[in-house]
Structures are given as structure tokens and as C-alpha cells.
Amino acid sequence: QVQLVESGGGLVQPGGSLRLSCAVSGSIFSIPIMGWYRRAPGKERELVATISSGDRTNYLDSVKGRFTISRDGAKNTVYLQMNSLKPEDTAVYYCYAYIKRNVEYWGQGTQVTVSS
């Protein structure tokens, strides 16, 4: 069983920055893929960023160059640094851990609101 606890969401003005954190129970190096999803009101869930156990990263096209996913093994934490935020980034952001087929874990979500 893996537990994921997100933090760091909030209200920020357009152009601002936020850093989301996902604290993971156990060693993050044992998890093949970790990532962040988001769901905006009235929209489908979308995969924002992933990082593999080999530190390979992937990003949603609309966040490339603005968001950075990283991890700290000593703290068992995965981060999502979000810069140059736009109103369309407003969503609930969920931390995600993929263990193997049909074995996935999710955090409770943290709200990010980008508004002036």
C-alpha cells in the first residue's frame, strides 16, 4: 500500500508560481512511475507530468517549458514546480504512483487556482 499526500496548492495570480509536493510513504525509488494529473471543472482528467525511476520525464504539451517534475529520494517526495501560471492551469492536481498493471495509487488532490 502506498499513501500519497499532496500539498502546496493555493491561489496565485497569472504569471505566478507554485510548487506542489507529494509525500510518499515508503521509498519512491521502488515506484516505477510517479506523476501529476489534473482535473479542471467540466473537463476530462489530463496527465500533466511523469517521472520514471530512471528520472525520465514527460510533460503535457501545454505545460512544457513552464512546469518541472522532480523527486527527492531522501525525503520521499515528488515535486511539481509550476511557473508562468495561466488561468487555464486552474484545476485540482493529483499525485499519482504507478506500481504495475492495475496497481495504482492516488493522492487526495490539491486545488490550484490561477486568477487575478
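Residues numbered from 1 in each chain as written. Predicted model: local features only at pLDDT ≥ 70, side-chain atom pairs only at ≥ 80, totals over all residues. Heavy atoms only, no water.

Side note on the environment of Leu 85
Under the convention used in this document: For helices the rule is a DSSP run of H or I covering at least 4 residues; for strands it is a run of E covering at least 2, with both sets numbered from the N terminus onward. Buried residues are those whose accessible area, probed at 1.4 Å on protein chains only, stays under 20% of the maximum for their type, while exposed residues exceed 50% and partly exposed ones sit between those limits.
Within the secondary structure, Leu 85 is located in the loop between β8 (77–82) and β9 (91–100). Leu 85 sits in the buried class, given a relative accessible area of 2%.

Considering unusual backbone geometry
Of note, Asp 55 is a non-glycine position whose phi angle comes to about 70 degrees, a positive value. Within the element layout of this structure, Asp 55 appears in the loop between β5 (46–52) and β6 (57–59). Judged by its relative accessible area of 47%, Asp 55 falls in the partly exposed class. In the Ramachandran plot, Asn 76 falls in the positive-phi region, its phi being about 50 degrees despite a non-glycine side chain. Within the secondary structure, Asn 76 sits in the loop between β7 (67–72) and β8.

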